[in-house]
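Chain by chain, the residues:
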Amino acid sequence: MKKIKIGQIGIGHNHGESKMKAARKFPELFEVIGYAEENRRWIEKRGDRKGYEGLPRLSVKEVIDGADAVLVESDVWDLTKYAKMCVDAGKHIHMDKPASGTLEEYKALLDTAKEKNLVVQLGYMYRYNPAVLECFERIKKGELGEIHSIHAEMSTLHPTDTRKWLTNFRGGGMYIFGSHLVDLIVYLLGEPKKISSFVSRTRLDGVDLEDNNLAVLEFDKALARVFVSSVEVNGFGRRQFMVGGSLGTANICPLERPITMTWSDLEIADKTYEDRKVTLPFEDHTAGGRYDEMMQDFHAYILGEKQNPFTYEHDFLVQKVLDEIVGGVGFNGKNID
């Protein structure tokens, strides 16, 4: 099995160390050459973490020149910049999410990657959630019938420091966390005909943040609702992805820890005014390593052993919809440090 030389640019993304750990878990797949970080603050804060133990710190150029593939894990606002540098040099990329910069800059990145037949894998973690995959499979088989409703929530009671960090982004938590849900909705339903956004600022703890947000996406025969709050007590326990169709309803709530999915179809739900459903069991895929399968797929995509089901066009559309939800380019640039 061919080893892929891989390096990492940036350690500022909150998922960065976990991606490096996942890559290092498979020495038969990846030869890790090192990592680059240009921000002294992140070097001091995260450079000694276990995921980077024993690895050389290189320059960005050294990572790009020495690797076949690059994990782009910088601060969110620099993701597209570094990713474009990699694809310009002919390197495959795993790029964390959501994309940064203007839509034109992001499209240039994806167009270049497509022209050069380079893998672009986005770090949307729910693409690997086993209940989400089960839901997708049932939809593919026609078991839900025609989809007419999606209800998605990704809320949390964030600590004050996290909420201050979220002021960096237009739309606050909707941009960072709602992007996961937009990814799934666009995958199932494509481009919405109309998008309506509703934002609220609770100003909890004196943080001036769009922290209580709702978006409604309208399709020909379906509505999708995305709700993201940073001030919801036990919001994590109510993270949800529900898909309702003419023949059945799949409801995942919570999305993880523990994953809980219920299923109803016309036979199970034979009483209109009673709660009729079955619960489907799933193991917690995050315990052993949330990104293991993602990194294994990255290797397989590069070697052509598997095809990424999330196309360049899909990834661009996710960002287009997300930008429209938050009302423009996602980065505010107000509170970097």
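See the structure shown above.
What counts as what
Residues numbered from 1 in each chain as written. Predicted model: local features only at pLDDT ≥ 70, side-chain atom pairs only at ≥ 80, totals over all residues. Heavy atoms only, no water. Helix = DSSP H or I, 4+ residues; strand = E, 2+ residues; numbered from the N terminus. Rg over C-alpha atoms; globule rule 2.2 N^0.38 Å. Buried < 20%, exposed > 50% of the residue type's maximum accessible area, 1.4 Å probe, protein only. 1 Å grid on protein atoms, 1.4 Å probe; cavity = no way out; pocket = protein on both sides within 12 Å on 5 of 7 lines; lining within 4 Å. Points joined across faces, edges and corners; volume = space filled by probe spheres on them. Nonpolar A, V, L, I, M, F, W, Y, C, P; charged D, E, K, R; others polar. Pairing = 2+ DSSP bridges. Right-handed = clockwise from strand over helix to strand, strands pointing away. Core = buried A, V, L, I, M, F, W, Y, C linked by side-chain atoms within 4.5 Å. Contact = heavy atoms within 4.5 Å. Axes fitted to C-alpha atoms, helices over the stretch in contact; angles between N-to-C directions. Parallel < 35°, antiparallel > 145°, perpendicular 65-115°, else oblique. Left-handed = near helix turned anticlockwise from the far one by under 90°.

**Here's the deal with the overall build of the protein chain**
On a plain count of helices and strands, the protein chain comes out with 12 helices and 14 strands. Here the C-alpha radius of gyration of the protein chain, 20 Å, is about what a compact globule of 337 residues would show, namely 20 Å. Overall size of the protein chain, expressed as C-alpha extent along the three principal axes, is 65 × 50 × 35 Å. Counting across all 337 residues of the protein chain, residues that qualify as buried make up 53%.

**Brief notes about the layout of surface pockets**
By volume, the largest pocket is sized at about 540 Å³. What lines the largest pocket is a set of 27 residues, among which Asn14, His15, Met125, Phe177 and Arg239 lie closest to the centre. Breaking the lining of the largest pocket down by element, the ones donating at least two residues are helix 1 (16–24) and helix 7 (160–166). Residues that form the lining of the largest pocket fall into these classes: 10 nonpolar, 10 polar and seven charged. Space inside the second largest pocket adds up to approximately 400 Å³. The leading source of residues in the lining of the second largest pocket is helix 6 (residues 130–140), at four residues.

**Observations regarding the pairing of strand 5 (residues 92–95)**
In strand 5, alternate side chains face the same way, and those of His92 and His94 on one face and Ile93 and Met95 on the other are all buried. Across four bridges, strand 4 (residues 69–72) lies against strand 5 in parallel orientation. Within the sheet, the bridge partner assigned to Val70 lies in strand 5 and is Ile93. Crossover connection from strand 4 via helix 4 (residues 79–88) to parallel strand 5: handedness right-handed. Taken together, the three bridges between strand 5 and strand 6 (residues 120–122) define a ladder with parallel strand orientation. Bridged to His94 within strand 6 is Gln121. One crossover worth recording links strand 5 to the parallel strand 6 by way of helix 5 (residues 103–115), and it is right-handed.

**What to know about empty space enclosed by the protein**
One pass over the structure, following the stated rule, counts two cavities of 30 Å³ or more. Estimates place the volume of the largest cavity at around 40 Å³. For the largest cavity, the full set of lining residues is Gly171, Met174, Ser197, Phe198, Val199, Asn213, Leu214, Ile325 and Val326. Mapped onto the lining of the largest cavity, the elements with two or more residues apiece are strand 8 (194–198), strand 9 (212–218) and helix 12 (312–326).

**So, the nonpolar core**
Among soluble globular proteins, nonpolar side chains are generally buried collectively. Judged by nonpolar contacts, the single largest core of 99 residues is most densely connected at Ile93, Met95, Ile185, Leu217, Phe241, Ile252 and Ile325. Here Ile185 is in contact with Ile150, Ala152, Gly190, Leu217, Phe219, Ala224, Val226 and Phe241, once residues within four sequence places are set aside.

**Here's the deal with the packing of helix 4 against helix 5**
It is the contact of helix 4 with helix 5, at a shortest axis distance of 9 Å, that shows an interaxial angle of 25 degrees. With respect to their mutual orientation, helix 4 and helix 5 come out roughly parallel. The two elements helix 4 and helix 5 cross, and the hand of that crossing is left-handed. The segment helix 4 lies against helix 5, with Thr80, Ala83, Lys84, Val87 and Asp88 engaging Glu105, Tyr106, Ala108, Leu109, Thr112 and Ala113. Classifying every residue of the contact of helix 4 with helix 5 gives six nonpolar, two polar and three charged.

**Some words on the sheet that holds strand 14 (residues 278–280)**
One open sheet accounts for eight strands, arranged 8-9-10-7-11-12-13-14; its pairing is mixed. Looking at which strands have only one partner, the edges of the open sheet turn out to be strand 8 and strand 14. Adjacent strand axes in the sheet meet at a mean angle of 15 degrees when their direction is disregarded. Inspection of the sheet shows strand 13 (residues 261–265) paired to strand 14 by three bridges, in the antiparallel sense. By the bridge assignment, Trp263 is partnered in strand 14 with Val278. The strands touched by helix 9 (residues 178–189) within the sheet are strand 7 (147–153), strand 9, strand 10 (223–229) and strand 11 (240–245), with strand 7 carrying the most contacts at an inclination of about 170 degrees. The sheet strands contacting helix 12 are strand 8 and strand 9, and the helix crosses strand 8 at an angle near 45 degrees.

**Focus on unusual backbone geometry**
Note that the residue after Lys97, namely Pro98, is joined by a cis bond; omega there is -15 degrees. With respect to the element layout, Pro98 can be found in the loop between strand 5 and helix 5. Across the junction of Arg257 and Pro258, the peptide omega takes the value 0 degrees, indicating a cis bond. The topology assignment puts Pro258 in the loop between strand 12 (248–252) and strand 13. The phi dihedral of Arg203 is positive, around 55 degrees, even though this residue is not glycine. Looking at the element boundaries, Arg203 is found in the loop between strand 8 and strand 9.

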